[in-house]
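Here is what each chain is made of, one letter per residue.
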Amino acid sequence: MNIKPIVAGNWKMYKTLSEGVSFVGNIRKRILDKEKVKVIFCPPFNSLFSIVETLDGTSFGVGAQNAHHESQGAFTGEISVEMLKSMGVQYVIIGHSERRHIFGESDTWVNRKIHAVLDGGLIPIFCIGESLEDRQKNQTMEILHRQIKMGLDGLDFIDPEKIIIAYEPVWAIGTGETATRDQVAEAHESVKSILCEMFDEQSSSVPILYGGSVNEKNATELIETEGVDGFLIGGASLKEDSFCSIIAQVTTNYKG
Ligand code: PGA
């Protein structure tokens, strides 16, 4: 299946409201070939509403970086899928390694959140990935298997247009170290086969993004790697020039 590649920028806890709005306003003017790549901005919660407004009428997507699985309640500091939806948000990053490792989110929490996002009609960007220790112990595939099985537990099917998976080796996030083409290809292939084992054939079309120190220097090589359908980008998504350069490289080099 010929799918559109995806480039998602995860801003983490960077950019104030005015910085975020002016950033997307500038990118909106710069990216010309919007038809070939789906570009998604994932700013912090405070800027979501204004960024959705700034991008109104364009094909750019807007995503949140987290959501709580309950629809409402006494959960100080949390936000629900319904609240995100009411702001016009379409995507939610779930299970990012910083959520898992700094905030202690377990596979069970990730699973609840995936259900909540899907039930609410938004698209989860479901993150998985092994730590350096897992890789050194040769446990990468086992970890991916567990994260996918537990994360998607309880779903009868997955619609490739309604879920995105991001393979992000923890040791490559924000470190400047990227996985090699072989490591990425192997991991993406395993993700596909785990999905096919759990669901029907259709699930082999679920887009699988790579994340972990993607930048303007390695983007072409990575997007040409078998099984890579786009990127989830942290650091390099915060600067206009690097983000636009990566989008342009994906536009030109993605083979589908
Ligand atoms: P990085 O972050 O591109 O800065 O490595 C990726 C991510 O955290 O999604």
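Residues numbered from 1 in each chain as written. Predicted model: local features only at pLDDT ≥ 70, side-chain atom pairs only at ≥ 80, totals over all residues. Heavy atoms only, no water.

Asks: Honestly, the pairing of strand β4 (residues 91-94) in this entry has me stumped. Any pointers?
Replies: Each regular strand shows side chains that alternate between the opposite faces of the sheet. Side-chain alternation along β4 places Tyr-91 and Ile-93 on one buried face and Val-92 and Ile-94 on a second face that is also buried. Examined bridge by bridge, strand β3 (residues 61-64) and β4 share 2 bridges and lie parallel to one another. Looking at the pairing, Ala-64 lines up with Val-92 of β4. Handedness of the crossover joining β3 and β4 through helix α3 (residues 81-86) is recorded here as right-handed. (Buried < 20%, exposed > 50% of the residue type's maximum accessible area, 1.4 Å probe, protein only. Helix = DSSP H or I, 4+ residues; strand = E, 2+ residues; numbered from the N terminus. Pairing = 2+ DSSP bridges. Right-handed = clockwise from strand over helix to strand, strands pointing away.)

Asks: Explanation requested: the site of the ligand in the structure shown.
Replies: Neighbouring residues of the ligand: 13 residues in total, closest Lys-12, His-96, Glu-168, Gly-174 and Ser-213. Contacts to the ligand include His-96, whose side-chain N or O atom sits 2.6 Å from an oxygen atom. Residue Gly-234 places a main-chain N or O atom 2.8 Å away from an oxygen atom belonging to the ligand. Protein coverage of the free-state accessible area of the ligand, which is 280 Å², stands at 95%. A breakdown of the residues in the shell around the ligand according to their chemical character gives 4 nonpolar, 7 polar and 2 charged. (Near = heavy atom within 4 Å. Polar contact = N/O pair within 3.5 Å; in protein donor to acceptor, adjacent residues only side chain to side chain. Areas by Shrake-Rupley, 256 points an atom, 1.4 Å probe, with all protein chains shown as cover. Nonpolar A, V, L, I, M, F, W, Y, C, P; charged D, E, K, R; others polar.)

Asks: Just checking my understanding: could you explain the packing of aromatic side chains for this structure?
Replies: Any pair of aromatic rings gets described here by the distance separating the centres and the angle formed by the planes. Under the counting rule described, the total for this entry stands at 6 aromatic pairs. Between Trp-11 and Phe-41, the ring centres sit 6.2 Å apart and the planes meet at 70°, which makes this aromatic pair edge-to-face. You can see Trp-11 sitting in the loop between β1 (6-10) and α1 (17-30) and its partner Phe-41 sitting in strand β2 (residues 38-42), a full 30 residues away along the chain. Their ring planes at 50° and their centres at 5.6 Å tell us that Phe-41 and Phe-60 sit as a pair that is tilted. Placement of Phe-41 in strand β2 and of Phe-60 in the loop between α2 (48-54) and β3 is noted, with a sequence separation of 19 residues between them. This pair shows no difference in class: Phe-41 is buried, exactly as Phe-60 is. Positioned over the ring face of Phe-23 is Lys-15, at 4.2 Å from the centre of the ring. Over the ring of Trp-109 we find Arg-112, and its NZ or CZ is 5.2 Å from the ring centre. (Phe/Tyr/Trp six-rings, centres within 6.5 Å; stacked < 30°, edge-to-face > 60°. Lys NZ or Arg CZ within 6 Å of the ring centre and 35° of its normal.)

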